[in-house]
Structure formats: structure tokens, C-alpha cells
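# Architecture at a glance
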Amino acid sequence: MKLPIGYDRTSEFGSQLPDQDLLKRLRAETHAVHEELDHLFTPFQDAPLDHLGSFLAAQMAGLTALSTAARVPHDENTLILLSETLDRLEQDCRYYELSVPVLRHKRDLHPLAVAYLVIGSRMGTEVLRRNLIKHGIERIPLYFTPQDYKHAWQDLCARLQGMAGAGPEADDICASVIAGFHLFHDAEARTRDMTGKFS
């Protein structure tokens, strides 16, 4: 999904609160698009067995697009997590014989934005894993295998807190995170078109 026409990369938060650190600005500006994405996957959370294949295919599509949209140099912690996650998703998709949509994208994303999305997603995956167990799913897909992300997340948050919330790089990172979330919106829509799930 493309950013809205006329999207202004200069945030109202950045202009009004020049002393705000980048982590606070990111949380404020991406809250809405993050909530929208969570809402799209609510059917999976409510009935995970019915939507498991579609969810895995959407994650594979979104993370694959995210990995190829990332601008170099990549963050080492992100590369490790992303590589492990994609490997596990590939095995899951083969096991369930899933068709994965291919997303087209044009922008290159700031590496810190990709790190924010990738490492942050592993936190959400841990919550989803507990939900699968709660619903009695016997075979938990490899995608939900716990990963050691906490130190990487703490390091990333500390780095973002040390960066100014205003300025060209801050604008670039915020826009890149929003664009990354839209990749997953697109992945959900494309998967829904193919499978009829998430509705």
C-alpha cells in the first residue's frame, strides 16, 4: 500500500516538539497505522486455526518485501533476526503448502526503520504464540519459535532515544516505518484476495 497522496514527511510532532527524542516521535506517529494493522489480523487472534495459513503467508510476503526494501548498510541484529525468521517462515509455508503473494514496492527504507519493525514484530509474535497455545493448537509453526530479541530491542530504543525527533533523518525514519507498516497492510490484502481469509 502506497503512502497517501500529499503525505508530508515533516511531522507535526517534529515541528511542535523539537526537543522530543525520535523514539517518542515514532511511537506517536506510527500508533494509528500499527493499530489498523492489528485490527486487520483480529480474525487470526480470535480463531487462529482457521486463519493460520493465511497469517503465515501474509507474514512471509511482508517480511520478504521488507528485507528487499531495506537500504544498506543493514543493522547486524536485524539481519540475524530477519534471516532466522524468514527461514522458519519458508519451512512453515512448505509444510502447509501455502501460496505467498509477491509484493511490489519502490522505496528504500532506512535501516533503523527496518530494525524497529523487525525487532518489534518479534515482541508481538511472542504474544501470538501464547494465544495459539491457549487455543489448543498442537503443532506451533516454527515462525512462533521464541527468539532472543530483548537486548537488540533495548539497544535500538536507546539509540532512538539518543536521536533528535526533528530533522531530515528523523523524518526519513518515521516515513520509512510507516511505509513498512503499509507493506504488511498490502500483504494482508493480497493474502485475503488469494485465500478469502481475514474477513
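Residues numbered from 1 in each chain as written. Predicted model: local features only at pLDDT ≥ 70, side-chain atom pairs only at ≥ 80, totals over all residues. Heavy atoms only, no water.

Turning next to the overall build of the chain. Regarding its fold elements, the chain presents 8 helices and 0 strands. Along its sequence from the N terminus, the chain presents helices and strands in the succession α-α-α-α-α-α-α-α. Out of the 199 residues in the chain, the part that is buried amounts to 47%. Contacts in the chain between residues at least 24 apart in sequence constitute 84% of all its contacts with a sequence separation of at least 6. Carbon and sulfur atoms form 52% of the exposed surface of the chain, whose accessible area is close to 10,500 Å². (Helix = DSSP H or I, 4+ residues; strand = E, 2+ residues; numbered from the N terminus. Buried < 20%, exposed > 50% of the residue type's maximum accessible area, 1.4 Å probe, protein only. Contact = heavy atoms within 4.5 Å. Areas by Shrake-Rupley, 256 points an atom, 1.4 Å probe, with all protein chains shown as cover.)

The next thing to look at is the packing of helix H4 (residues 48-69) against helix H5 (residues 76-95). H5 packs onto H4 with a crossing angle of 145° between their chain directions and a minimal axis gap of 10 Å. In terms of crossing hand, the pair formed by H4 and H5 is left-handed. Taken together, the residues of H5 that come into contact with H4 (itself represented by Leu56, Gln59, Met60, Leu63, Thr64 and Ser67) are Leu82, Thr85, Leu86, Leu89, Glu90, Asp92 and Cys93. A class-by-class count of the residues in the contact of H4 with H5 yields 7 nonpolar, 4 polar and 2 charged. (Axes fitted to C-alpha atoms, helices over the stretch in contact; angles between N-to-C directions. Left-handed = near helix turned anticlockwise from the far one by under 90°. Nonpolar A, V, L, I, M, F, W, Y, C, P; charged D, E, K, R; others polar.)

Low-pLDDT stretches of the model should not have their predicted coordinates read in fine detail. Of all residues in the chain, 88% attain a pLDDT of 70 or more, and the chain-wide mean is 87. No element of the chain has a lower mean pLDDT than helix H1 (residues 12-16), at 40, and none a higher one than helix H2 (residues 22-40), at 95. Across residues 1-16 the pLDDT falls below 50, and counting only partners more than four positions away or on other chains, this stretch makes 26 contacts in the model. (pLDDT = per-residue confidence, 0-100.)

A few words on the nonpolar core. Core analysis: the biggest nonpolar cluster contains 54 residues, and Leu66, Phe144 and Leu160 have the highest contact counts within it. Put simply, the parts of the chain that give this core at least two residues each are H2, H4, H5, helix H6 (111-134), helix H7 (150-161) and helix H8 (168-195). When residues no more than four places from it in sequence are discounted, the contact partners of Leu66 are Leu109, Val114, Leu117, Val118, Gly180, Leu183 and Phe184. (Core = buried A, V, L, I, M, F, W, Y, C linked by side-chain atoms within 4.5 Å.)

Moving on, we come to H7. For H7, spanning 12 residues, the distance from its first C-alpha to its last is 16 Å, which sits close to the expected 16 Å at 1.5 Å a residue. Within the sequence span of H7, burial applies to Ala152, Trp153, Leu156, Cys157 and Leu160. Taken end-on, H7 shows its buried residues confined to a sector of 130°, consistent with a single buried face. Among the exposed residues of H7, those oriented more than 90 degrees off its buried face are Lys150, His151 and Asp155. Against the buried residues of H7 lie H2, H5 and H6. (Expected span 1.5 Å × (residues − 1). Arc of directions from axis to C-beta.)

Our focus in this paragraph is the packing of aromatic side chains. Evaluation of the coordinates by the stated rule reveals 8 aromatic pairs. With centroids separated by 6.0 Å and ring planes inclined at 15°, the aromatic side chains of Phe55 and Phe144 adopt a geometry described as stacked. On the criterion of sequence distance, the pair formed by Phe55 in helix H4 and Phe144 in the loop between H6 and H7 is long-range, its members being 89 residues apart. Exposure class is identical for Phe55 and Phe144. Each is buried. Following the ring pairs from residue to residue traces out a cluster consisting of Phe41, Phe44, Phe55, Tyr143 and Phe144. Between the NZ or CZ atom of Arg122 and the centre of the ring of Tyr143, over which it lies, the distance is 4.9 Å. (Phe/Tyr/Trp six-rings, centres within 6.5 Å; stacked < 30°, edge-to-face > 60°. Lys NZ or Arg CZ within 6 Å of the ring centre and 35° of its normal.)

Right, let's get into the environment of Lys106. Secondary-structure assignment places Lys106 in the loop between H5 and H6. Looking at Lys106, the relative accessible area reads 81%, which means it is exposed. Sequence separation between Lys106 and Ala69 is 37 residues; the distance between their C-alpha atoms is 7.7 Å.

Residues other than glycine seldom take positive phi values, yet Glu97 does so here, at roughly 55°. Structurally, Glu97 is set in the loop between H5 and H6. With relative accessibility at 73%, the residue Glu97 sits in the exposed group.

As a further point, take the packing of H6 against H7. For the pair H6 and H7, the least separation of the axes is 10 Å and the interaxial angle reads 140°. One finds that H6 runs oblique with respect to H7. Considering only the axes of H6 and H7, their crossing is left-handed. On H7, the residues touching Leu112, Ala115, Tyr116, Ile119, Gly120 and Met123 of H6 are Ala152, Trp153, Leu156, Arg159 and Leu160. The residue makeup of the contact of H6 with H7, split by class, is 9 nonpolar, 1 polar and 1 charged. (Parallel < 35°, antiparallel > 145°, perpendicular 65-115°, else oblique.)

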